[in-house]
Amino acid sequence: MSKPSIPQGTRDFSPAEVRRRQYIFNTLRTIFELYGAQPLETPSMENLTTLMGKYGEEGDRLIFKILNNGLHEKKDADKDKLNSEWNNVLSRPYSTPVVTERALRYDLTIPFARYVVMHQNDIAFPFRRYQMQPVWRADRPQKGRYREFWQCDVDMVGSTSLINEAELLCIYQTAFQKLKVPVTIKVNSRKLLAALADLCGMPEKMIDITVALDKLDKIGWVGVANELKERGIAEDGIWQIEKVINVKGTNDEKLVAYADIMQHSAVGMEGINELGKTLAYYRSLEFGIGDLDSDNGREENIVVDISLARGLNYYTGVIVEVVCSSEAVKMGSIGGGGRYDDLTGLFGLKGVSGVGISFGIDRIYDVMEELDVFPKQLVEGTKAMLVNFGGENETYALQILQQLRAANIAAEIYPDAAKFDKQMKYANRRGIAYVLLPGDEERQKNMVSVKNFETGEQKMMSVGEAVISLQS
RNA sequence: GAGGUUGUAGCUCAGUUGGUUAGAGCAUCAGAUUGUGGUUCUGAGGGUCGCGGGUUCGACCCCCGUCAUCCUCCCCA
């Protein structure tokens, strides 16, 4: 017999882990609802055509595909087709509806876009939804990277107002403040990255530039410059980029400096303008809170960072990324998002702009564990256990049991009339607060002994008194 | 896709230059204690040493292959 195991990159969640995860979900859900978002759920699997080509070449490779059922039942003609297609599948990256036509959800944004297009007539725009569901990626698992993990997304579609961007920043701030995770929120605009490519005189190289620039934190400017060179950016262009990333100062100062450098790039000026407006809206929202601890309010952890380049292909405007700012924690981004001007256009609905953010809750969980910021009292399990003495005492215990539950006290009976110390040990391991002893003497007096498992104190009382004392 | 790490009891891990019957802690079960838990004490069960091949008189140990695992790069949450 082989040892049982679970697929690579997946995890079981123990009772205590589920409680902590639910704490995160509940915290986020409360905030999402507070901001007027509505819940949405979509299927675990989508048609492969819905997902393919939406996440870039790398993304396509990481989509978990589902093998079609009943392949062996194909008729002769179909079987020939299947055989030739199968050879294609084996010889190169290739997929075909003959072999696979469904795939597991890769993120929550594309399914949301699909939903919006399918239900456009039923939706009151602007439409703001939140969604908390697992997604799957056929990636190599490692620290902070799983093949099955959960995302919590909030997106707003049908509005181009930068108020939305500002509100999403507020949601990030509030959420991580509630969860007690110190974060830095990096903000950039895809339009500034386009402007950089303009400055180099190579607008078609925007992707190459952003991919290289994204590594600035890791490999430093020299490393980035080398990579830019390898990717075919001219010396003069690299010098322009260096000038931009060398800009230091407050967010406002940076935007002013960028405006000076990019004054001849229409798209650059547009991006700068949008970032400025987003921050202005954000300040208005934050000002309403009234507990600003400095002139900057809660802005000191929001940083305009031109080296931020989110990988997803569909972002067009403001982009954000959240990282834990604690030195002690080594973890990649724990959230990200941005504006996509024409997401639903992929599915035929033009002119609907959206903006959204995502929480990577598995990584947030890991970070919270490391920081030890989960509330201590999350376990609200069984409060009282009835010892089972068997026979008539068992019947008596069952009657008490339902009276406890009727009074909203989480209670259980040890189901077997096992040896006394075994039952006590079990209650101890479960961390149950009270043990009730309905034995011969108690039953005859119509009473029950209540033992406090923390203090060891024990007292015989009527069932009614027991209910009242356990309710407090 | 590339590179590295580690696979020994249910779990966490020891195991000497290759040498007789592979150990410990925790967990489980039984007993000291058939109505009093946490701390003790005693005893018991539990292993194809990841799998397959090779070297050797002899392999948990050395070699080759394979699978699994974790980590790094790429990319991402």
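Residues numbered from 1 in each chain as written. Chains lettered and ligands numbered in written order. Predicted model: local features only at pLDDT ≥ 70, side-chain atom pairs only at ≥ 80, totals over all residues. Heavy atoms only, no water.

1. Quick word on the overall build of chain A
When helices and strands are counted, chain A shows 17 helices and 16 strands. In terms of overall dimensions, chain A is more spread out than a globule: its C-alpha atoms have a radius of gyration of 29 Å, far above the 23 Å expected for 472 residues. Each principal axis of the C-alpha atoms in chain A carries an extent, and together these give about 95 × 75 × 45 Å. The buried share of chain A, taken over its 472 residues, is 48%. In chain A, the share of contacts with a sequence separation of at least 24, taken over all contacts with a separation of at least 6, comes to 69%. Looking at chain A as shown, the accessible area adds up to about 24300 Å², and 51% of this sits on carbon and sulfur atoms. Counting 57 positive and 65 negative side-chain charges, chain A places the centres of these two groups 4 Å from one another. (Helix = DSSP H or I, 4+ residues; strand = E, 2+ residues; numbered from the N terminus. Rg over C-alpha atoms; globule rule 2.2 N^0.38 Å. Buried < 20%, exposed > 50% of the residue type's maximum accessible area, 1.4 Å probe, protein only. Contact = heavy atoms within 4.5 Å. Areas by Shrake-Rupley, 256 points an atom, 1.4 Å probe, with all protein chains shown as cover. Lys, Arg positive; Asp, Glu negative; His and termini not counted. Charge placed at Lys NZ, Arg CZ, Asp CG, Glu CD.)

2. Here's the deal with the protein's contact with RNA strand B
Lining the immediate surroundings of RNA strand B are 40 residues, of which Arg 145, Ser 333, Arg 363, Arg 429 and Gln 458 lie closest. Take the atoms of RNA strand B that sit within 4 Å of the protein: sugar and phosphate atoms are 50% of them. In this structure, a phosphate oxygen belonging to RNA strand B sits 3.4 Å away from a side-chain N or O atom of Lys 215. Between RNA strand B and Asp 440 there is a distance of 2.9 Å, counted from a base oxygen to a backbone nitrogen or oxygen. Of all the secondary-structure elements, those providing two or more residues to the surface near RNA strand B are strand 6 (148–157), helix 15 (420–430) and helix 16 (440–445). With six residues, the top contributor of residues to the surface near RNA strand B is helix 15. Residues belonging to the surface near RNA strand B are distributed by class as follows: nine nonpolar, eleven polar and 20 charged. (Near = heavy atom within 4 Å. Polar contact = N/O pair within 3.5 Å; in protein donor to acceptor, adjacent residues only side chain to side chain. Nonpolar A, V, L, I, M, F, W, Y, C, P; charged D, E, K, R; others polar.)

3. Description of helix 8 (residues 206–213)
If you check which residues of helix 8 are buried, you get Met 206, Ile 209, Thr 210, Ala 212 and Leu 213. Looking straight down helix 8, one finds that the buried residues subtend no more than 165° of arc, so they occupy a single side. (Arc of directions from axis to C-beta.)

4. Focus on the sheet that holds strand 10 (residues 335–340)
On the basis of which strands lie adjacent, the open sheet formed by eight strands has the order 1-5-6-11-10-9-7-8 and mixed pairing. At either margin of the open sheet sits one strand with a lone partner, and together these are strand 1 (38–39) and strand 8 (302–304). Sheet topology places strand 6 next to strand 11 (residues 354–360); seven bridges connect them, and they run antiparallel. By the bridge assignment, Asp 155 is partnered in strand 11 with Gly 356. Across the face of the sheet, helix 13 (residues 361–371) comes into contact with strand 6, strand 9 (318–324) and strand 11 while running at roughly 45° to strand 11. (Pairing = 2+ DSSP bridges. Axes fitted to C-alpha atoms, helices over the stretch in contact; angles between N-to-C directions.)

5. Overview of the pattern of salt bridges
Opposite charge on two side chains permits pairing when their charged atoms draw close. Under the counting rule described, the total for this entry stands at 23 salt bridges. The residue Lys 81 makes a salt bridge to Glu 85 at a minimum N-O spacing of 3.9 Å. One end of the pair is Lys 81 and the other is Glu 85, both in helix 4 (residues 76–91) and four residues apart, which spans about a single turn. By relative accessible area, which is 45% here, Lys 81 ends up partly exposed. A salt bridge links Glu 274 to Lys 191; the shortest N-O distance between them is 2.6 Å. Placement of Glu 274 in helix 12 (residues 266–289) and of Lys 191 in helix 7 (residues 190–199) is noted, with a sequence separation of 83 residues between them. Each member of the pair, Glu 274 together with Lys 191, is buried. One salt-bridge network, held together by shared partners, links Asp 208, Lys 215, Glu 227 and Arg 231. (Salt bridge = Lys/Arg side-chain N within 4 Å of Asp/Glu carboxyl O.)

6. Focus: the domain arrangement of chain A
Taken domain by domain, chain A consists of domain 1 (7–182 + 326–379), domain 2 (190–300) and domain 3 (380–471). Computed over C-alpha atoms only, the centres of domain 1 and domain 3 are separated by 46 Å. (Domains from an automatic or database assignment.)

7. Examining the nonpolar core
Counting residues in each nonpolar core, the largest one holds 90 residues, and the members touching the most others are Phe 32 and Phe 359. Counting residues per element, this core draws most heavily on helix 6 (residues 162–178), which supplies eight residues. When we break this core down by domain, the ones giving at least three residues each are domain 1 (7–182 + 326–379) and domain 2 (190–300). In this view, Phe 32 contacts Ala 37, Tyr 130, Met 132, Cys 152, Val 154, Ile 171 and Phe 359; residues no more than four positions away in its chain are not counted. Among the nonpolar cores identified, the runner-up in size contains 19 residues, and Ile 400, Leu 401, Val 448 and Val 463 belong to it. (Core = buried A, V, L, I, M, F, W, Y, C linked by side-chain atoms within 4.5 Å.)

8. Some thoughts on the sheet that holds strand 16 (residues 458–462)
Spatially, 13-12-14-15-16 is the arrangement adopted by the five strands of the open sheet, whose pairing is mixed. Two strands in the sheet have a free side with no partner beyond their single neighbour: strand 13 (411–413) and strand 16. The sheet shows a mean angle of 25° between the axes of neighbouring strands, direction not considered. Here helix 17 (residues 463–471) sits on the sheet and contacts strand 12 (384–386), strand 14 (434–437), strand 15 (447–452) and strand 16; the angle it forms with strand 16, its principal contact strand, is near 120°.

9. With respect to unusual backbone geometry
Residues Phe 125 and Pro 126 are joined by a peptide bond in cis, for which omega reads -5°. Unlike most non-glycine residues, Asn 408 shows phi in positive territory, near 70°. Of note, Asn 408 is situated in the loop between helix 14 (391–406) and strand 13.

10. What to know about empty space enclosed by the protein
Applying the stated criterion to the full structure yields one cavity of 30 Å³ or more. Counted as a void, the largest cavity has a volume near 60 Å³. If you list the elements that add at least two residues to the lining of the largest cavity, you get helix 6, strand 9, strand 10 and strand 11. Residue classes in the lining of the largest cavity are distributed as six nonpolar, three polar and one charged. (1 Å grid on protein atoms, 1.4 Å probe; cavity = no way out; pocket = protein on both sides within 12 Å on 5 of 7 lines; lining within 4 Å. Points joined across faces, edges and corners; volume = space filled by probe spheres on them.)

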